[in-house]
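Structural overview
For reference, the chains in residue letters:
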Amino acid sequence: MVISLKSLNACPLCHSGNSRKWYDFDPIHVFECRDCSFQYLNPCLDGESMAASYETEESLSALNDFYEGYYDYGNLDKDSGTLREIKQCLNVLDSYYAGPKGGPKKLFEIGAGNGFFLAAAKQSGWEVSGVESSGKNADIAREKFSVSLTQGLFEDFDGKPESFDAVVMRDVLEHRYDPHAFLAQAAKLVKKGGLMLVAVPNVASLLQYLSKAIYFISGKRLSMGLRKVYLLEHTGYYDSRTLGELFRAEGLEPLKTFQASTDLAKFRLSASERFM
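Here is a short report on the structure shown in this document. (Residues numbered from 1 in each chain as written. Predicted model: local features only at pLDDT ≥ 70, side-chain atom pairs only at ≥ 80, totals over all residues. Heavy atoms only, no water.)

**Focus: the overall build of the protein chain**
Worth spelling out the cut-off: Secondary structure elements are taken from DSSP: a helix is a run of H or I of four residues or more, a strand is a run of E of two residues or more, and numbering for both begins at the N terminus. The quantity called the radius of gyration is restricted to C-alpha atoms. Its globule counterpart is 2.2 Å times the number of residues to the power 0.38. Categorising residues by exposure relies on relative accessible area from a 1.4 Å probe, with only protein chains included: less than 20% of the type maximum marks a residue as buried, more than 50% marks it as exposed, and the intermediate range marks it as partly exposed. Note on definitions: a residue-residue contact is assigned when non-hydrogen atoms from the two residues lie within 4.5 Å. In these tables, accessible area is a Shrake-Rupley quantity obtained with a 1.4 Å probe, and a residue counts as shielded only by the protein chains included in the view. Positive residues here are Lys and Arg, negative ones are Asp and Glu, while His and the chain termini are left out of the count. Note on charges: their place is set at NZ of Lys, CZ of Arg, CG of Asp or CD of Glu.
Within the protein chain one finds 10 helices and 11 strands. Relative to a compact globule of 276 residues, whose C-alpha radius of gyration would be 19 Å, the protein chain shows 19 Å and is just as compact. In terms of overall dimensions, the protein chain has C-alpha extents of about 60 × 40 × 35 Å along its principal axes. Evaluated residue by residue, the protein chain yields a buried proportion of 47% over its 276 residues. Taking contacts inside the protein chain between residues at least 6 apart in sequence as the whole, the part at least 24 apart equals 66%. With an accessible surface of roughly 13700 Å², the protein chain has 49% of that area assigned to carbon and sulfur atoms. With 31 positive and 36 negative side-chain charges, the protein chain shows a spacing of 5 Å between the two charge centroids.

See below:
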């Protein structure tokens, strides 16, 4: 797989050109915006390389070998951290939105992966659909979860405006170097009074703080922890504040922010890596 990188001339969040290099461990170069404190990779994967990286488990594992087994993970009949997180998300949606009178609640997921979230949502009474760039994932969704996905990039998805009660993006926005345009396109699909649910890795995590401390105390020699935080396939690094700023910039008002623990069982990690 050939990887192509794209240089960014400005902060993806506030568009300022005033930034400083924060971490540097090739090929990862992390910059922090001096105006809004948003962290991002520069250069980052371009759009074609990002899509190609996520096409199969093999292509994704070429970037990081801990993704082995990642695509087929999840079972509606087996308890897991991911299933508990999905149910938490669905409970939040249900708590804020009762649905239209006399009709089904329609939920659309962007970057639907293997269909695990949509299958759980369907089981909870939602009418579901979604888009997924990976043909392999779309096949798993159909065969394992009986969920039919539109296969392709969301940027090419021609959806009818205001056609869904809820639009969900889980572990998607951090891959975009143009988050404003991406979020604006997604928001157009939501009915008036509907909801968006966006989940991203939290850069203001205990892992990040501990890894940062070890990195600097060691004279920048020990970077294993940071290498699990800053990944080539992730362009932007959000916390609750910067994610809220992005929402408000697109005319969206955050209703609730909540956290969930990463389900490490999805990843092939050593004991030391799980500790970090």
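**Describing the pattern of salt bridges**
We apply this condition: By salt bridge we mean one thing: a side-chain nitrogen of Lys or Arg within 4 Å of a carboxyl oxygen of Asp or Glu.
The tally for this structure, following the rule as stated, stands at 13 salt bridges. In this structure, the salt-bridge partner of E85 is R170, at a minimum N-O distance of 3.7 Å. Taken as a pair, E85 in helix 3 (residues 81-96) and R170 in strand 9 (residues 164-170) lie far apart in primary sequence, 85 residues in all. A salt bridge links R170 to E109, with the shortest nitrogen-to-oxygen separation between them at 4.0 Å. Here R170 is found in strand 9, whereas its partner E109 is found in strand 6 (residues 105-110), with 61 residues between them in sequence. Take R170 and E109: they sit in the same class, and that class is buried.

**Examining the nonpolar core**
Our working definition: What makes a nonpolar core is a set of buried Ala, Val, Leu, Ile, Met, Phe, Trp, Tyr and Cys residues whose side-chain atoms join them at distances within 4.5 Å.
Residues I110, V167, M169, V198 and Y230 are the most contacted members of the largest nonpolar core, which totals 51 residues. The dominant element in this core, judged by the number of residues it contributes, is strand 3 (residues 28-33), at 4 residues. Among all residues touching I110, those that are not within four sequence positions of it are V131, F154, V167, V168, M169, R170, V172, F182 and A186. Judged by nonpolar contacts, the second largest core, of 23 residues, contains I86, A119, W126 and V147.

**Topic: the packing of aromatic side chains**
Two numbers describe a pair of aromatic rings. These are the distance of the centres and the angle of the planes. Applicable threshold: Ring pairs are drawn from Phe, Tyr and Trp, using the six-membered ring of Trp, whenever the two centres fall within 6.5 Å, and their geometry is named by plane angle: stacked under 30 degrees, edge-to-face over 60, tilted for the rest.
Counted under the stated rule, the structure contains 15 aromatic pairs. Taken together, a centroid distance of 5.5 Å and an interplanar angle of 15° make the contact between F116 and F145 stacked. Of this pair, F116 sits in helix 4 (residues 116-123) while F145 sits in helix 5 (residues 135-145), placing them 29 residues apart in sequence. F145 gets classed as buried once you look at its relative accessible area, which sits at 11%. For the pair Y215 and F216, a centre-to-centre distance of 5.2 Å together with 70° between the ring planes defines the contact as edge-to-face. Each member of the aromatic cluster is reached from another via a ring pair, and the members are W22, Y23, F25, Y215, F216, Y230 and Y237.

**Thoughts on the pairing of strand 7 (residues 126-132)**
Every regular strand shows the same layout, with side chains that alternate between the two sheet faces. Stated precisely, the cut-off is as follows: What makes two strands pair is DSSP finding at least two bridges between them. The definition of a right-handed crossover adopted here requires that, viewed with the strands pointing away, the path from the first strand over the helix to the second runs clockwise.
Relative to strand 7, strand 6 runs parallel, the two sharing 6 bridges. Across the sheet, residue L107 finds its bridge partner in strand 7, namely V128. Two elements, strand 7 and strand 8 (residues 150-151), share 2 bridges in a ladder whose sense is parallel. The residue of strand 8 that forms the bridge with V131 is T150. For the handedness criterion, the β-α-β arrangement of strand 7, helix 5 and strand 8 is classed as right-handed.

**Digging into the sheet that holds strand 11 (residues 236-237)**
Heads up, the rule is: With axes taken as lines fitted to C-alpha atoms, and helix axes fitted only over the stretch in contact, angles between N-to-C directions fall between 0 and 180 degrees.
A sheet is described by the order of its strands in space; here 4 strands give the open sequence 2-3-4-11, paired in antiparallel fashion. Only two strands of the sheet have a single partner each, and these edge strands are strand 2 (19-25) and strand 11. With 6 bridges connecting them, strand 2 and strand 3 associate as antiparallel partners. Within strand 3, the position partnered with D24 by the bridge is H29. Of the strands in this sheet, strand 2 and strand 4 (39-41) are in contact with helix 7 (residues 206-217), which crosses strand 2 at around 80°.

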